[in-house]
Amino acid sequence: PKGEKAKPGKRAPIKEEAAWMAAITDFGCIACHLDGHPRTPGAVHHLLRGGLRMGHLFSICLCQPGHHMDGAVKGVVSRHPDKAAFERKYGHEADLLELTQRLVRATCES
């Protein structure tokens, strides 16, 4: 969208990408949802492949502090710095993306 700045070295999202990121942040943290705490505010977490972002459409919402980083503050497992522990508890990020897509779609249809 016009006026939305990208971080240095990153591309600003196009309309479809911005809509996706708005929808997931409106839905809330997917890990909190799985823990029985739906609609917990969070931020966009981009999935990586080979250490590089896969794109804005490949993102989920994770709370901060909490499931994204600094989980000790809330007593939860964070994606950063312990991806392995996070995925043991919540599943692989690709699976969380698929679940998020289904849940957000269902929310939009209702």
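Figured I'd write up the structure that's included with this text. Residue positions are counted from 1 within each chain, in the order its sequence is given. Per-residue local features of the predicted model are confined to residues with pLDDT of at least 70, and side-chain atom pairs are confined, for both listing and counting, to 80 or more; whole-chain, interface and lining totals are unaffected and use all residues. Hydrogens and water are ignored here; the side-chain numbers use all heavy atoms of the structure.

**Looking at the overall build of the chain**
In step 1: Helix and strand counts for the chain stand at four helices and four strands.
In step 2: In DSSP terms, a helix is any run of H or I states spanning at least four residues, a strand is any run of E spanning at least two, and both are numbered starting from the N terminus. The helix and strand sequence of the chain, counted from the amino end, reads α-α-β-β-β-β-α-α.
In step 3: In summary, the chain has a C-alpha radius of gyration of 14 Å against a globular reference of 13 Å for 110 residues, a match within 12%.
In step 4: Structurally, the chain occupies a C-alpha span of about 40 × 35 × 25 Å along its principal axes.
In step 5: Burial classes: relative accessible area under 20% of the type maximum marks a residue as buried, over 50% as exposed, and values in between as partly exposed (1.4 Å probe, protein chains only). Each of the 110 residues in the chain was classed as buried or not, and the buried ones make up 35%.
In step 6: Residues count as neighbours in contact if any of their non-hydrogen atoms are within 4.5 Å of one another. In the chain, the proportion of contacts linking residues at least 24 apart, taken out of those at least 6 apart, comes to 45%. As defined in this context, the radius of gyration uses C-alpha atoms, and a globule is described by 2.2 Å times the residue total to the power 0.38.

**As for the nonpolar core**
In step 1: By nonpolar core is meant a set of buried Ala, Val, Leu, Ile, Met, Phe, Trp, Tyr and Cys residues that side-chain atoms within 4.5 Å join together. Core analysis: the largest hydrophobic core is formed by 19 residues, its most contacted members being I30, I60 and L62.
In step 2: With sequence-adjacent residues up to four places away left out, I60 is seen in contact with I24, I30, A43, V44, H45, L47, L96, L97 and T100.

**A closer look at the side chain of H68**
In step 1: With respect to the helices, strands and loops of the structure, H68 is situated in the loop between strand 4 (59-62) and helix 3 (83-90).
In step 2: Contacts of H68, omitting those with residues within four sequence positions, involve H45, L62, C63, S78, R79 and H80.

**Some details on the pattern of salt bridges**
In step 1: Just to be clear on terms, a salt bridge is a Lys or Arg side-chain nitrogen sitting within 4 Å of an Asp or Glu carboxyl oxygen. Under the defined criterion, the tally for this structure stands at three salt bridges.
In step 2: Residues R79 and E93 are paired through a salt bridge, measuring 2.6 Å at the closest nitrogen-oxygen approach. Residue R79 is found in the loop between strand 4 and helix 3, and its partner E93 is found in helix 4 (residues 93-109); the two are separated by 14 residues along the sequence.
In step 3: With relative accessibility at 5%, the residue E93 sits in the buried group.
In step 4: One salt bridge connects E98 with R102, and the closest N-O pair in it is separated by 3.3 Å. Here E98 and its partner R102 are both found in helix 4, four residues apart, which amounts to about one turn of the helix.
In step 5: Taking the relative accessible area as the measure of exposure, R102 reaches 44% and is therefore partly exposed.

**Quick look at the environment of F86**
In step 1: On the secondary structure map, F86 appears in helix 3.
In step 2: Given the relative accessible area of 0%, F86 is considered buried.
In step 3: Measuring from C-alpha to C-alpha, the distance between F86 and H68 comes to 9.5 Å, with 18 residues separating the pair along the chain.
In step 4: Residues in contact with F86, not counting those within four places in the same chain, are A31, L62, H67, V77, S78, R79, G91 and L96.

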